[in-house]
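What follows is the residue order along each chain.
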Amino acid sequence: MPAFSKSQNGVQLNLDGIVPPMVTPFTPGTEEIDFDLLAAEARFIASQGAKSICVTGSTGEGHGLTADEIHDITRTVVDAVGDGIHVIGGVIADTTHETILKGLAAKKGGASSLQITPPHYLWAPDADGLVQHFQRVGRAVELPLLIYNVVPWVDIDVHAMSRIIDEAPWVLGVKQSGGDMHKVADMMAALHDRVPITTGIDDLLYPTFTLGVDGAVSCLCAVFPALTQELFDAVRAGDHDTAKAIHDRLLPVWRTIEGNNMTAKAKYAISLLGRDVGVSRSPILAPSEDQKNAIRQALTDARFI
């Protein structure tokens, strides 16, 4: 892991390599969490060599989970993977108060750090509001915070992010998502000496890895944990022929998964790979037959099935 200048209470955030953001399995009909399937998927991801796992993020449908559910999901995954694998708790919330409640639930469940979106409904906070938000969350939960910069209308620019890192002690990393490769470059240039930067841009894993990001937390990493780690390792080793070949296999599959019902399509792709991960919660719809056919064809063409 590169040396970063920022720490809190002697702690730094290790985002090196692939951090699969787990899907959350729900039971058809009741849409209750299937904890047996959750534990099984956590064990599978651990078996693929993951050093860290993220739960209850976007891929895990964290926007629709209660604090109690976040606690129970986190505890289930922590217990399933055992010691040696860090579990990052995802929090997607619209107020500082709610963020703290859900963050404390994840901490009680065993999370070693938190991935947090900025508050985003309906009015975007300014830089002052964001600074105090992350200050208050950090003081309350006392865990390393990874800012998940994904919300289009609360798109934290590099200047505001730099201020947050300077003034909110527990902010120890940035995940740049939202499809903005330019912002990844800006964050790397301005912030990477202080904190790790990870990518959440599924179709641009390869080029963001070449920029030197510390790793990735993105949906494809949950579907293909071992192969995305192989892609990361190839770039780090300077083997761009291998990296480009992996990118070329993954991109058509991602094009069939992305979109409004991404989590449901990702779960269908995972099921075709032989892992049962349940369904998504309403109003996220199951894939249509056309979508299923496209996913199946892409996986077949890429020799995954």
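Residues numbered from 1 in each chain as written. Predicted model: local features only at pLDDT ≥ 70, side-chain atom pairs only at ≥ 80, totals over all residues. Heavy atoms only, no water.

Student: Explain the overall build of the protein chain to me, please; I cannot follow it from the model alone.
Tutor: A count of helical and extended segments in the protein chain gives 12 helices and 8 strands. Partitioning the contacts of the protein chain with sequence separation of at least 6, the portion at a separation of at least 24 is 72%. Approximately 12,400 Å² of the protein chain is accessible, and the part contributed by carbon and sulfur atoms is 52%. (Helix = DSSP H or I, 4+ residues; strand = E, 2+ residues; numbered from the N terminus. Contact = heavy atoms within 4.5 Å. Areas by Shrake-Rupley, 256 points an atom, 1.4 Å probe, with all protein chains shown as cover.)

Student: Even after reading the chapter, I still don't get a nonpolar patch on the surface, so can you show me in this structure?
Tutor: A cluster of nonpolar residues, Tyr121, Leu122 and Trp123, forms a patch on the protein surface that exposes about 450 Å² of accessible area. Considering the arrangement of structural elements, one finds tyrosine 121 in the loop between strand S4 (113–116) and helix H4 (127–141). (Patch = residues over 30% accessible without salt bridge, like charges linked within 9 Å, V, L, I, M, F, W, Y side chains within 5 Å. Salt bridge = Lys/Arg side-chain N within 4 Å of Asp/Glu carboxyl O.)

Student: Help me understand the packing of aromatic side chains in this model?
Tutor: What characterises a pair of aromatic rings is the spacing of the ring centres plus the angle enclosed by the ring planes. All chains considered together, the criterion is met by 2 aromatic pairs. A centroid spacing of 5.1 Å and a plane angle of 85° characterise the contact between phenylalanine 209 and phenylalanine 232, whose relative ring orientation is edge-to-face. On the criterion of sequence distance, the pair formed by phenylalanine 209 in helix H7 (residues 205–210) and phenylalanine 232 in helix H9 (residues 225–236) is long-range, its members being 23 residues apart. The exposure class of phenylalanine 209 is buried, given its relative accessible area of 4%. Taking the relative accessible area as the measure of exposure, phenylalanine 232 reaches 4% and is therefore buried. (Phe/Tyr/Trp six-rings, centres within 6.5 Å; stacked < 30°, edge-to-face > 60°. Buried < 20%, exposed > 50% of the residue type's maximum accessible area, 1.4 Å probe, protein only.)

Student: Would you explain the side chain of threonine 263 in this entry?
Tutor: Mapped onto the elements, threonine 263 comes out in helix H11 (residues 262–272). The exposure class assigned to threonine 263 is buried, which follows from its relative accessible area of 5%. Setting aside anything within four residues of it in sequence, one finds threonine 263 in contact with Ser58, Thr59, Glu61, Ser280 and Ile284.

Student: Before we go on, may I ask you to explain the packing of helix H10 (residues 240–257) against H11 in this structure?
Tutor: Interhelical geometry of H10 versus H11 gives an angle of 130° and a closest axis separation of 8 Å. By the angle between their directions, the pair H10 and H11 is classed as oblique. Along the contact surface, H10 presents Trp254, Thr256 and Ile257, while H11 presents Met262, Lys265, Ala266 and Ala269. Looking at the contact of H10 with H11 residue by residue, the classes come out as 5 nonpolar, 1 polar and 1 charged. (Axes fitted to C-alpha atoms, helices over the stretch in contact; angles between N-to-C directions. Parallel < 35°, antiparallel > 145°, perpendicular 65-115°, else oblique. Nonpolar A, V, L, I, M, F, W, Y, C, P; charged D, E, K, R; others polar.)

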